Amino acid sequence: MSVTEEIGRTPIAPGPRRARARIVMGELLRRPRAAFGLIIIALMVFTAVFAPWIMPQDPFEQSFDGLSLMGGPLPPSGDYLLGTDLLGRDLASRLILGTQTSLIIGVVANGIAVFLGAGVGITAGYFGGWTAAILMRFTDLMMAFPALLLAIVLAAIFQPSLMIVALVIAMVNWVQMSRVIYTETRSLAEREFIQVQRAIGSGPLRILGKHLLPHLLSSIIVFGTLGISTTVLLEATLSFLGVGVQPPMPSWGNIIFENQTYFSTAPWLVFFPGLLIVLLALAFNLVGDALRDILDPTLKGRH
């Protein structure tokens, strides 16, 4: 029996969780694309955690030496590894600090979205009836609005800040998770082992926590991993449009927004933050796709 089949038969439910986690990590490392994604994520996390110690210069300092004689940004050089921006600030330092912003928003916003989506989906799927009707109609209503447009409206209503942007992104990203978990919960709720638990008098909380949630955990993990890339891209889009993280706090999106007028004369100001956005989104997509392959027995054999 293959490792994938072993994991697929007993997703994340009973048994030693640490051993199962090691099996999953081993499978990820054996897949070149997933291993590449893990390396990129590890480097980004390391950069975000140790940003204050690895930034070559103060990311907020507007240096006269950081501008050309004509008052324009400087290209990459020995003094400024990735050049400077329109205000003479070191671009490398701002990108390093922007890694913190992107990861914090990505993890916090996606964590809230997963919590809300899974909670609504499990509740509606288990109880059914009018509870499911109300929750799912509300979900359908939220899905009817274009996510980017809704995020822009919410961000414009509230004063943009790091946590507000994370909450805004979470409010538009939970609906997909809710639909997926609702469908799976409805299917599981009709299974015999759930009916037996109801027959012997087990309460809803016990059934949800000990019998339903373990079977849904693999889907939640996969969806949560894939959702981080979407969250990072949405944060970059909002910041680029000027309704995301506000200057002088750097994020990859608002770095592009601030320097877009220099696209033709100083392309490094757009290229480097754009490359980081693409790399981080790609890394989480590669890892999420591999996790879906490993944890879902119906997809075993895909690489």
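Heads up: the structure comes first, above all this text.
Procedures and definitions
Residues numbered from 1 in each chain as written. Predicted model: local features only at pLDDT ≥ 70, side-chain atom pairs only at ≥ 80, totals over all residues. Heavy atoms only, no water. Helix = DSSP H or I, 4+ residues; strand = E, 2+ residues; numbered from the N terminus. Buried < 20%, exposed > 50% of the residue type's maximum accessible area, 1.4 Å probe, protein only. Contact = heavy atoms within 4.5 Å. Areas by Shrake-Rupley, 256 points an atom, 1.4 Å probe, with all protein chains shown as cover. Lys, Arg positive; Asp, Glu negative; His and termini not counted. Charge placed at Lys NZ, Arg CZ, Asp CG, Glu CD. Patch = residues over 30% accessible without salt bridge, like charges linked within 9 Å, V, L, I, M, F, W, Y side chains within 5 Å. Salt bridge = Lys/Arg side-chain N within 4 Å of Asp/Glu carboxyl O. Phe/Tyr/Trp six-rings, centres within 6.5 Å; stacked < 30°, edge-to-face > 60°. Polar contact = N/O pair within 3.5 Å; in protein donor to acceptor, adjacent residues only side chain to side chain. Core = buried A, V, L, I, M, F, W, Y, C linked by side-chain atoms within 4.5 Å. Expected span 1.5 Å × (residues − 1). Arc of directions from axis to C-beta.

Caption draft 1: Inspection of the overall build of the protein at higher detail. Across its full length, the protein carries twelve helices and zero strands. In the protein, the succession of α and β elements from N to C terminus is α-α-α-α-α-α-α-α-α-α-α-α. Counting every position in the protein, which comprises 303 residues, the buried fraction comes to 48%. Taking all contacts inside the protein whose residues are at least 6 apart in sequence as the whole, residues at least 24 apart take part in 69%. Here the protein displays about 15,200 Å² of accessible surface, and carbon together with sulfur accounts for 70% of that area. Computed over 20 positive and 18 negative side-chain charges, the inter-centroid distance for the protein is 16 Å.

Caption draft 2: Representation of a nonpolar patch on the surface in the model. A grouping of Val45, Phe46, Val49, Phe50, Trp53 and Ile54 is seen on the molecular surface, where their side chains present a nonpolar patch of about 610 Å² in accessible area. Elements represented by at least two residues in the nonpolar patch include exactly α3 (32–49) and α4 (51–54). Looking at which element gives the most residues to the nonpolar patch, the answer is α3, with three residues. Topologically, Val49 is positioned in helix α3.

Caption draft 3: Just the packing of aromatic side chains, in detail. The final tally for this structure, using the stated rule, is six aromatic pairs. Relative to Trp174, the ring of Phe138 lies with its centre 5.9 Å away and its plane at 20°, an arrangement referred to as stacked. Of the two residues, Phe138 sits in helix α6 (residues 129–144) while Trp174 sits in helix α8 (residues 162–189), which places them 36 residues apart along the sequence. Classification of Phe138 by relative accessible area gives partly exposed; the value is 43%. What links up through ring pairs into an aromatic cluster is the set Phe46, Phe50 and Trp53.

Caption draft 4: How the structure looks around the pattern of salt bridges. For the coordinates displayed, the defined rule picks out ten salt bridges. One salt bridge connects Glu258 with Arg89, and the closest N-O pair in it is separated by 3.3 Å. Taken together, the positions of Glu258 in helix α11 (residues 252–259) and Arg89 in the loop between α4 and α5 (91–127) put the pair 169 residues apart, joining distant regions of the chain. Residue Glu258 is classed as buried on the basis of its relative accessible area of 16%.

Caption draft 5: Region of interest: the side chain of Ser251. Along the chain, Ser251 turns up in the loop between α10 (204–240) and α11. A polar atom in the side chain of Ser251 sits 3.2 Å from the side chain of Ser239. For Ser251, the residues in contact, after removing those within four places along its chain, are Gly98, Thr101, Glu235, Ser239 and Val245.

Caption draft 6: Local environment of the nonpolar core. The biggest cluster of nonpolar side chains holds 33 residues, and the ones touching the most others in it are Leu28, Met44, Leu91, Leu95, Trp252, Leu280 and Leu291. Elements supplying a minimum of two residues to this core: α2 (17–30), α3, α5, α10, α11 and α12 (268–295). For this core, the element with the most residues is α12, which contributes 13 residues.

Caption draft 7: Main features of α6. Given a rise of 1.5 Å per residue, 16 residues ought to cover 22 Å, and the 22 Å separating the end C-alpha atoms of α6 matches this to within 8%. Burial in α6 covers these residues: Thr131, Ala132, Met136, Thr139 and Met142. Buried residues in α6, looked at end-on, bunch into an arc of 110°, giving them a common side. Exposed side chains of α6 directed beyond 90 degrees from the buried face belong to Trp130, Ile134 and Ala144. Looking at the packing, one finds that the buried side of α6 touches α5, α7 (147–157) and α8.

Caption draft 8: The arrangement of the environment of Ile40 in detail. Tracing the sequence through the fold places Ile40 in helix α3. Sequence-wise, Ile40 and Val196 are 156 residues apart; in three dimensions their C-alpha atoms are separated by 46 Å. If we skip the residues at most four places from it in the chain, Ile40 touches Leu279 and Ala283.

Keep in mind these numbers describe shape, not what the thing actually does.
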